[in-house]
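What the coordinates show
Listed below, chain by chain, are the residues.
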Amino acid sequence: QVQLVESGGGLVQAGGSLRLSCTASGSIFSINAMGWYRQAPGKERELVAGTTSSGGANYPDSVRGRFTTSGDYAKNTMYLQMNNLKPEDTAVYYCVAHITETGAGGGNNYWGRGTQVTVSS
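Its location among the elements puts Arg38 in strand β4 (residues 28-39). It is 9.3 Å that separates the C-alpha atoms of Arg38 and Thr115, two residues lying 77 residues apart in sequence. Excluding anything up to four places from it in sequence, Arg38 contacts Glu44, Arg45, Glu46, Val48, Ser62, Val63, Phe67, Glu88, Asp89, Ala91, Val92 and Tyr93.

The next subject is the packing of aromatic side chains. Across all of its chains, the model carries one aromatic pair by this definition. Where Tyr37 meets Trp111, the ring centres are 5.0 Å apart and the plane angle is 55 degrees; that geometry is what we call tilted. Linking Tyr37 in strand β4 with Trp111 in strand β10 (residues 108-111), this pair joins segments that are 74 residues apart in sequence. Accessibility expressed as a relative area gives 25% for Tyr37, which makes it partly exposed. Just above the ring of Tyr94 sits the side chain of Arg45; from NZ or CZ to the centre is 4.0 Å. Note that Arg45 overlies the ring of Trp111, its terminal NZ or CZ placed 5.0 Å from the centroid.

Moving on to the pairing of strand β3 (residues 18-25). Looking at chain direction, strand β1 (residues 3-7) and β3 are connected through five bridges and run antiparallel. Opposite Ser7, over in β3, you have Ser21 as the bridge partner. Two elements, β3 and strand β8 (residues 77-82), share six bridges in a ladder whose sense is antiparallel. For Cys22, the partnering residue across the bridge sits in β8 and is Met78.

Procedures and definitions
Residues numbered from 1 in each chain as written. Predicted model: local features only at pLDDT ≥ 70, side-chain atom pairs only at ≥ 80, totals over all residues. Heavy atoms only, no water. Helix = DSSP H or I, 4+ residues; strand = E, 2+ residues; numbered from the N terminus. Contact = heavy atoms within 4.5 Å. Phe/Tyr/Trp six-rings, centres within 6.5 Å; stacked < 30°, edge-to-face > 60°. Buried < 20%, exposed > 50% of the residue type's maximum accessible area, 1.4 Å probe, protein only. Lys NZ or Arg CZ within 6 Å of the ring centre and 35° of its normal. Pairing = 2+ DSSP bridges.

What follows is the structure in structure tokens.
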């Protein structure tokens, strides 16, 4: 069974930085795409970083220029570098990956359980 686990969340002051990691384990043949979402209390889950068909990434205006996603696919790990954090970035952050399992075609989306990021002013 494929599992994703996030780490690296915590409490930081405004203007600080955090680097989130997401590691996938299980019968993984390939990771086809990955992304990051966040959800604050009372709000809907929001995309904060996603891969593109060209191999790049896209970001919403709220985080563009501050957040960067990358991956070390040999280690089945993806990252979200968050700089110049603001109190409004406070949320639970989730990784998601589209993964093709060993012995199977196509693929499925898998979600991590989330990691809390709290930014104080």
